[in-house]
Amino acid sequence: MATVTLNHISKSFGENTVLKDFNETFRDGEFITLLGPSGCGKTTMLRIIAGFEKPTGGELYIDDRLVSGGKTFVPPEKRGIGMVFQSYAVWPHMNVFDNVAYPLTIKKTARTEIQSSVERVLGIVHLSQYAGRFPNQLSGGQQQRVALARALVAAPKLLLLDEPLSNLDAKLRESMRFEIKEIQRELGITVVYVTHDQTEAMAMSDRIFLINRGVVQQCGTPQEIYNSPANQFVADFLGKVDFFKGEARDGQIVFPEMNNQKIPYNGPRTGKVEVAIRPENLFFTENGMLTGTLETQYYLGDVDDCRVRVGDRLVRVIVSGYEFKNLKNGQQISIGIRDFMVFEDNGLLEEMLQIQT
Ligand SMILES: Nc1ncnc2c1ncn2[C@@H]1O[C@H](COP(=O)(O)OP(=O)(O)OP(=O)(O)O)[C@@H](O)[C@H]1O
Ligand SMILES: [Mg+2]
């Protein structure tokens, strides 16, 4: 078991500050995910924890031991950490057994102990029958599991995984997610997992740290982050969302872009606001809150993905197929709202749009 404490950790490469003032504690046995867009600093954070990178400022503790900070720097091999890199590498000239045994071999561990440790982790990743095979005789997913077994063999108390499923197809990714989660539970280890895949983060994590441009935007359980996002960036990054400019007053929000249609609102904000609505929180009903013209419907099997024109805006509505089989494009339709989120109009949305274009 291990805790990781990041005390005002920052990192710059020359002029470029990529991590700004990280203050977090990853607790014993937690499954932590660092989530965020490409270039936000996830790999850099993992490399700092592993000891492949020195922070520019701050201190890093593993359990109560200072491993980075001031004049102290404990090298990677002395930190007791297992790691699978973003571009995982297994040795092509070694069979599965020798690949997995490697970290123990270089430590000159006794042969009998190597034998039993390797057999144990190969069992955990369901590769026992492949011990004699070479990497070119394995599928991508099997090779990925070899890399994972190699990271586990020295019984690390802390496991760092950098997009370990990135090279797998959708089905294998999904099954490996559960396998990694099972392994973590079984061994009771602390895992810091990096991904930019929000579904993966939601499915696996005890807590997610959502990072943008080197700054933690929010940390919390998947439910907290999804249901109570701290700002527009978080709302937008997790799941699907549409933003609407509105004016909050007198117990309602008025939408100028949508023919001044209104929805009831009794929350704390007044004046200019940005309302975030998830399309799955909308439904079609007789007397809804917004009215528009059904423009398109896409059949996706489990759900239908629709667009409704309301004034100058297209509103996305995701409903279960049976709800609206008989609807025709061009017809007037009324939209009910189960839930929505209200943010201050602080210019963050414009900033996000600029980055996307
Ligand atoms: N050794 C380095 N020298 C200079 N800049 C670096 C170095 N390593 C990383 N960076 C920069 O730091 C920033 C963060 O990089 P990092 O690899 O941590 O991103 P990431 O969140 O892992 O992205 P991805 O999802 O694409 O893997 C990037 O702008 C990157 O160009
Ligand atoms: Mg990375």
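Computed from a prediction, not measured in an experiment: that's the story for all the values here. (Residues numbered from 1 in each chain as written. Chains lettered and ligands numbered in written order. Predicted model: local features only at pLDDT ≥ 70, side-chain atom pairs only at ≥ 80, totals over all residues.)

**Details of the overall build of the protein**
Our working definition: Secondary structure elements are defined from DSSP: runs of H or I of at least 4 residues count as helices, runs of E of at least 2 residues count as strands, and each element is numbered from the N terminus. The burial criterion counts other C-beta atoms lying within 10 Å of a residue's C-beta, which is placed from the backbone; the residue is buried at 20 or more, exposed at 12 or fewer, and partly exposed between these limits. In this description, any two residues whose backbone-derived C-beta atoms lie within 7 Å of each other are considered to be in contact.
Looking only at helices and strands, the protein features nine helices and 21 strands. In terms of overall dimensions, the protein has a C-alpha envelope of 75 × 50 × 30 Å along the principal axes. Put simply, the protein has 357 residues, and 34% of those count as buried. Here the analysis covers contacts within the protein between residues at least 6 apart in sequence; of these, 65% occur between residues at least 24 apart.

**Observations regarding the pairing of strand 2 (residues 16–26)**
A regular strand places its side chains on the two faces of the sheet in alternate fashion. Note the cut-off: DSSP bridges decide pairing: two strands pair if at least two such bridges lie between them.
Across seven bridges, the pairing between strand 1 (residues 4–13) and strand 2 is antiparallel. Bridge pairing in strand 2 places Ser12 opposite Thr17.

**What to know about the domain arrangement of the protein**
Selection criterion: Residue ranges for the domains trace back to a domain assignment, done automatically or taken from a database. Here the nonpolar group is Ala, Val, Leu, Ile, Met, Phe, Trp, Tyr, Cys and Pro; Asp, Glu, Lys and Arg are the charged ones; every other residue, Gly included, is treated as polar.
As assigned here, the protein comprises domain 1 (4–235) and domain 2 (240–356). Computed from C-alpha coordinates alone, the two centres of domain 1 and domain 2 are separated by 39 Å. Tallying the contact residues gives five residues for domain 1 and nine residues for domain 2. Partitioning the side of domain 1 that touches domain 2 into residue classes produces three nonpolar, two polar and no charged.

**Quick notes on the sheet that holds strand 8 (residues 158–162)**
Heads up, the rule is: Each axis is a line fitted through C-alpha atoms, taken for helices only over the stretch in contact, and angles between the N-to-C directions span 0 to 180 degrees.
With respect to topology, six strands assemble into an open sheet ordered 7-8-9-3-10-11, the strand pairing being mixed. The two strands at the open ends of the sheet, each matched to only one other strand, are strand 7 (81–84) and strand 11 (215–220). Averaged over all adjacent pairs, the angle separating strand axes in this sheet is 15°, with direction ignored. Taken together, the five bridges between strand 10 (residues 207–212) and strand 11 define a ladder with antiparallel strand orientation. Looking across to strand 11, one finds that Ile208 is bridged to Gly220.

**A closer look at the site of ligand 1**
Test applied: Each residue gets a C-beta atom placed from its backbone. If that atom is within 6 Å of a molecule or strand, the residue is near it.
Taken together, 13 residues sit near ligand 1, with Phe13, Ser38, Lys42, Thr43 and Thr44 positioned nearest. Broken down by element, the shell around ligand 1 gets its largest block of residues, three residues, from helix 1 (residues 42–50). Class assignment of the residues belonging to the shell around ligand 1 gives a composition of three nonpolar, nine polar and one charged.

**Describing helix 1**
Keep this limit in mind: Along the arc lie the directions from the helix axis toward the C-beta atoms.
Here helix 1 has its buried residues at Lys42, Met45, Leu46, Ile48 and Ile49. Looking straight down helix 1, one finds that the buried residues subtend no more than 160° of arc, so they occupy a single side.

**Describing the nonpolar core**
Basically, it comes down to this: Note on terminology: a nonpolar core is any set of buried Ala, Val, Leu, Ile, Met, Phe, Trp, Tyr and Cys residues joined through C-beta atoms within 7 Å.
Counting residues in each nonpolar core, the largest one holds 85 residues, and the members touching the most others are Val100, Ala149, Leu160 and Val192. Take this core: its biggest share by element is six residues, from helix 4 (residues 140–152). A domain-level breakdown of this core finds at least three residues from each of domain 1 (4–235) and domain 2 (240–356). For Val192, the contacting residues outside a window of four places in its chain are Val4, Phe26, Ile32, Leu34, Leu46, Ile49 and Leu160.

**Considerations on the packing of helix 2 (residues 96–105) against helix 4**
Spelled out, the test is: The sense of a crossing depends on the near helix, which, turned anticlockwise from the far helix by less than a right angle, makes the crossing left-handed and, turned clockwise, makes it right-handed.
Put simply, helix 2 and helix 4 touch, their axes get as near as 7 Å, and they point 30° apart. The interaxial crossing formed by helix 2 with helix 4 has right-handed handedness. Of the residues in helix 4, those touching helix 2 at Val96, Asn99, Val100, Tyr102 and Pro103 are Val146, Ala149 and Arg150. Classifying every residue of the contact of helix 2 with helix 4 gives six nonpolar, one polar and one charged.

**Some details on the packing of helix 2 against helix 3 (residues 111–124)**
Rule in force here: We call two directions roughly parallel when the angle between them is under 35 degrees, roughly antiparallel when it is over 145, roughly perpendicular when it lies between 65 and 115, and oblique otherwise.
Relative orientation of the contacting elements helix 2 and helix 3 amounts to 125°, with a least axis distance of 10 Å. When the axes of helix 2 and helix 3 are compared, the pair comes out oblique. With respect to the hand of their crossing, helix 2 and helix 3 are arranged in right-handed fashion. Each of Phe97, Val100, Ala101, Leu104 and Thr105 in helix 2 lies in contact with helix 3, whose residues at this interface are Ile114, Ser117, Val118, Val121 and Leu122. Considering only residue class, the contact of helix 2 with helix 3 consists of eight nonpolar, two polar and no charged.

**Side note on the pairing of strand 12 (residues 242–249)**
In terms of strand pairing, strand 12 meets strand 15 (residues 271–277) through seven bridges, oriented antiparallel. By the bridge assignment, Ala248 is partnered in strand 15 with Gly271. The pairing of strand 12 with strand 13 (residues 252–255) spans three bridges and is antiparallel. When the sheet's bridge partners are listed, Glu247 is paired in strand 13 with Val254.

**Some remarks on the sheet that holds strand 20 (residues 332–337)**
A sheet is described by the order of its strands in space; here five strands give the open sequence 16-20-17-18-19, paired in antiparallel fashion. Looking at the sheet topology across the chains shown, the edges are occupied by strand 16 (282–284) and strand 19 (313–320). Strand-to-strand twist across the sheet, computed as the mean angle between neighbouring axes with direction ignored, equals 45°. Of the pairings in the sheet, the one linking strand 16 to strand 20 comprises three bridges and is antiparallel in character. Note on strand 20: the bridge partner recorded for Leu282 is Ile337.

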